[in-house]
Amino acid sequence: MTIYIDDDYKCHTSPGDGLTAVETDTFDGKCRQYIEGYRFVPGGEIWTREDGQVFEGEMIAPWRDYELLAEFQALYEEEQAKQADMAAALDTIYSGVTE
């Protein structure tokens, strides 16, 4: 999938001014809120935190509270499961209908 990172390596799910597109499978199956709570430093790049700590890519870490991100993801997965159940029920209902 394509994510977009800003100058501080924070992830975005939509393109925008000043954002760099990056291909990664790290966030496949994750919701927007989860992805946008992460920082992604691509391989070969370096990010220096405000306190001077240096991180070499590839580095992936949450910048928001992980418990909140996990909650967003759990709700997303729950909604996805409900939609899959609904689709299966509709398939069952309409499989017996002939035109």
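Just above, that's the structure.
Residues numbered from 1 in each chain as written. Predicted model: local features only at pLDDT ≥ 70, side-chain atom pairs only at ≥ 80, totals over all residues. Heavy atoms only, no water.

Summing up its helical and strand segments, the protein chain has two helices and seven strands in all. Secondary structure elements in the protein chain, listed N-terminal to C-terminal, are β-β-β-α-β-β-β-β-α. Over its C-alpha atoms, taken along the principal directions, the protein chain stretches across nearly 65 × 25 × 20 Å. Looking at the 99 residues of the protein chain, the share that counts as buried comes to 22%. Considering only contacts in the protein chain between residues 6 or more positions apart, those separated by 24 or more positions represent 41%. Carbon and sulfur atoms make up 48% of the accessible area of the protein chain, which amounts to about 6800 Å² in all. Of the charged side chains in the protein chain, 7 are positive and 22 negative; the average position of the first set lies 6 Å away from that of the second. (Helix = DSSP H or I, 4+ residues; strand = E, 2+ residues; numbered from the N terminus. Buried < 20%, exposed > 50% of the residue type's maximum accessible area, 1.4 Å probe, protein only. Contact = heavy atoms within 4.5 Å. Areas by Shrake-Rupley, 256 points an atom, 1.4 Å probe, with all protein chains shown as cover. Lys, Arg positive; Asp, Glu negative; His and termini not counted. Charge placed at Lys NZ, Arg CZ, Asp CG, Glu CD.)

Our focus in this paragraph is the nonpolar core. Counting residues in hydrophobic clusters, the biggest one holds 15 residues, and the most contacted among them are Ile3, Ile5, Cys11, Phe27, Tyr34, Tyr38 and Phe40. For this core, the elements supplying multiple residues, two or more each, are strand E1 (2-5), helix H1 (32-35) and strand E4 (38-41). Among the elements that line this core, the one with the most residues is E4, at three residues. (Core = buried A, V, L, I, M, F, W, Y, C linked by side-chain atoms within 4.5 Å.)

Next up on the list: the pattern of salt bridges. Using the criterion set out here, one finds four salt bridges in the structure. With its nearest N and O atoms 3.1 Å apart, the salt bridge here joins Asp8 to Arg39. Within this pair, whereas Asp8 is found in the loop between E1 and strand E2 (11-12), its partner Arg39 is found in strand E4, the two being separated by 31 residues in sequence. Assessed through its relative accessible area of 10%, Arg39 is described here as buried. Glu78 is paired through a salt bridge with Lys82; the nearest N and O atoms lie 3.9 Å apart. Within this pair, Glu78 and its partner Lys82 are both found in helix H2 (residues 66-95), separated by four residues, close to a single helical turn. (Salt bridge = Lys/Arg side-chain N within 4 Å of Asp/Glu carboxyl O.)

Under the defined criterion, the tally for this structure stands at three aromatic pairs. Aromatic pair Tyr34 and Tyr38: ring centres 5.0 Å apart, planes at 35°, arrangement tilted. Take Tyr34 and Tyr38: they sit in the same class, and that class is buried. Ring centres of Trp47 and Phe55 lie 5.3 Å apart, and the angle between their planes is 25°; this geometry places the pair in the stacked category. Judged by relative accessible area, Trp47 falls into the buried class, the value being 10%. Among the aromatic side chains, those forming a connected cluster through ring pairs are Phe27, Tyr34 and Tyr38. (Phe/Tyr/Trp six-rings, centres within 6.5 Å; stacked < 30°, edge-to-face > 60°.)

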